[in-house]
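# Per-entry structural report
Take a look at the letters that make up each chain.
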Amino acid sequence: MTQVLPAPPLVAVVAAAPRRFLPVLPVIALVLMLALPVSGDGGGTLADAVSGLVVVCCALRLVRGRRRPLSRTAAVVLGLPVVGVAVATAGAASAGVGAEGLVRYLQVFVLVPAAVMLLVRDRRDARLVAWSLVGLALWQGALGVHQFVTGTGASYQGEMIRAVGTFGATDIMGMAAVVAFGLVCALGLALGSGPARQRTAAAVCALALLLPLALSFSRGAWIATAVTCGAQLVLAGMRRAVQVFAAVAAAAVVLVGGLGVGSAMLQERISSITQVADAPDQSVTDRYTMWTAAVDMWRDQPLTGVGLKGFPDHRDGHASLALSSGSDTDGAGAGFQRQPLLSPHNMYLLILSEQGLLGLLALAGSWLALLVLALRRLVRARRSASGLDCALVACGLLVWQLVDFVYADIGGPSTVLTALVIGFAAWWALADVGAAERVPRDAHEGAHEGAGDR
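Below is a short write-up of the structure. (Residues numbered from 1 in each chain as written. Predicted model: local features only at pLDDT ≥ 70, side-chain atom pairs only at ≥ 80, totals over all residues. Heavy atoms only, no water.)

### Quick word on the overall build of the protein
Rules: Only DSSP runs of H or I with at least four residues qualify as helices, and only runs of E with at least two residues qualify as strands; both kinds are numbered from the N terminus onward. Partly exposed residues are those whose accessible area sits between 20% and 50% of the maximum for their type, while under 20% is buried and over 50% is exposed, using a 1.4 Å probe and protein chains only. Note on areas: Shrake-Rupley with a 1.4 Å probe; residue coverage comes only from the protein chains shown.
The secondary structure content of the protein amounts to 19 helices and four strands. When burial is assessed residue by residue, the protein has 50% of its 454 residues classed as buried. Accessible area of the protein: about 20000 Å², with a carbon and sulfur share of 66%.

Printed below as a string of structure tokens:
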């Protein structure tokens, strides 16, 4: 006769939950730090400090568990960017400048992604991280909508209506990136195979985040989000894609139609995307001028570039007179400022100009490898009808970041999320075979142990 073991008491299950999620809590803390107001001094932020804590916590956990840090494939893929960065550091204008750039690149593209990959152990951890990003997006998005309604946002066409959340007018891309990440996570969770209540809640969150994303007036974020969400829908299944496309189109009509004067501004902003040669605005002119300057720098030093953080020093020698002296920022609790244009606002061209072809092949090769491996596991998850939500979130976040890099580069408080996104994608793409695809154990099993699913 089979003996039926009694279920653990509810108290034991509840008590085991914090211990069960303890390893991933530093990653959650990193997300939560971006809910706080940030200073506009351009230096390190609290989120940067917490990202260092994430690396330390991961190192301590590895030492305590006496585990091999990374597989050979993971070490190669995540360590590949070090090659180009190290060479470009030697070509920097000074040792101090080179060291500063080296630390930043290692933080964003190597150390923090590797730590996130190792601290996210299974699908339950991954879903917790995804929902934390959704929560952060809802918080920042709600602040952004309030800024638009009350006229307390950043300046846009002479009105203080641009939604920037807690990031301020000096980092207008911050809130747009956070909201877009949350939207991508919510859509991935909604398209997955989780409980119906969870999928419904995720779909509602995704629709709610469309409004603050629109009010960010960020063309790059719009393009990246549209491409990513379309890819997620297609990867989840064509029939569902058609249904969701119809629902989003209907919601967009309602939201834009209810914005009043905002609808005209949105239409003008959207139409400006295609105005490259026909009377483009100054921001478009500046961007393409800096892109041309970055390509010219690469032509001077095609293999190794001009050195880390060398773009500002070489910009004026390669840019045409069409480039303005800077961009104006105002509002959102700060006074008028003139922001210098110190980067090409294109991550690929920034790498090409400062690190040359060697650096671009190393970094872009690492990202491409992550994407290919992640998509391969996504196909496997779709066939098994298990873990599709985590796959869509991981692949979606990486696709969004790679598309957005065409219109933006690293810089600002929200940069730590780039490191988190790469680490999340690395967990799905590079985790030990079966770890990322394993079906989590139920709460009863979790009450008896706290070591995770690896």
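### Section: unusual backbone geometry
Phi at phenylalanine 217 takes a positive value of approximately 55°, unusual for a residue other than glycine. Its location among the elements puts phenylalanine 217 in the loop between helix H10 (210-215) and helix H11 (219-236). On the accessibility criterion, phenylalanine 217 (0% relative accessible area) is buried. Of note, the phi angle at histidine 345 is positive, near 55°, even though the residue is not glycine. On the secondary structure map, histidine 345 appears in the loop between strand S4 (334-339) and helix H16 (347-384).

### Some remarks on the pairing of strand S2 (residues 159-162)
The following threshold applies: Paired strands, as defined in this entry, are two strands with at least two bridges between them according to DSSP.
Inspection of the sheet shows strand S1 (residues 154-156) paired to S2 by three bridges, in the antiparallel sense. Paired with alanine 154 across the two strands is arginine 162, which belongs to S2.

### Notes on the environment of leucine 143
To keep things clear, this is the line we draw: Only heavy atoms enter the contact rule, under which two residues are in contact if any of them lie within 4.5 Å.
Tracing the sequence through the fold places leucine 143 in helix H7 (residues 123-150). Residues leucine 143 and valine 164, spaced 21 residues apart in sequence, show a C-alpha to C-alpha distance of 7.9 Å. Discounting chain neighbours no more than four positions away, the residues touching leucine 143 are Gly165 and Thr166.

### Thoughts on the side chain of glutamine 401
Relative to the helices and strands, glutamine 401 resides in helix H17 (residues 388-404). Residue classification places glutamine 401 among the buried residues on the basis of a relative accessible area of 3%. With sequence-adjacent residues up to four places away left out, glutamine 401 is seen in contact with Phe181, Thr418 and Val421.

### Concerning the packing of helix H2 (residues 25-33) against H7
To keep it simple, the criterion reads: Note on geometry: axes are lines fitted to C-alpha atoms, helical ones only across the stretch in contact, with angles between N-to-C directions running from 0 to 180 degrees. Each angle receives one of four descriptions, namely roughly parallel if under 35 degrees, roughly antiparallel if over 145, roughly perpendicular if within 65 to 115, and oblique otherwise. Under the scheme applied, nonpolar residues are Ala, Val, Leu, Ile, Met, Phe, Trp, Tyr, Cys and Pro; charged residues are Asp, Glu, Lys and Arg; polar residues are all the others, including Gly.
The geometry of H2 relative to H7 is characterised by a closest axis approach of 9 Å and an angle of 10° between their N-to-C directions. As far as their axial angle goes, H7 and H2 are roughly parallel. Across from Val27, Ile28 and Val31 in H2, the residues of H7 making contact are Leu128, Val129, Ser132, Leu133 and Leu136. When grouped by side-chain class, the residues that make up the contact of H2 with H7 number seven nonpolar, one polar and no charged.

### With respect to H11
Put simply, the rule reads: What a helix is expected to span follows from its residue count: subtract one and scale by 1.5 Å.
For H11, with 18 residues, the first-to-last C-alpha span of 26 Å sits near the 26 Å given by 1.5 Å per residue. Among the residues of H11, those classed as buried are Arg219, Gly220, Ala221, Trp222, Ala224, Thr225, Thr228, Cys229, Gly230, Gln232, Leu233 and Ala236. Positive phi shows up at glycine 237, right after H11, with a value of about 135°.

### Focus: the state of the cysteines
For clarity, the cut-off: Cysteine sulfur atoms are paired as a disulfide whenever they fall within 2.5 Å.
Enumeration according to the criterion identifies zero disulfides in this entry. Cysteine cysteine 58 shares no disulfide, and the gap to the nearest cysteine sulfur, in cysteine 57, comes to 8.8 Å. Residue classification places cysteine 58 among the buried positions, given a relative accessible area of 5%.

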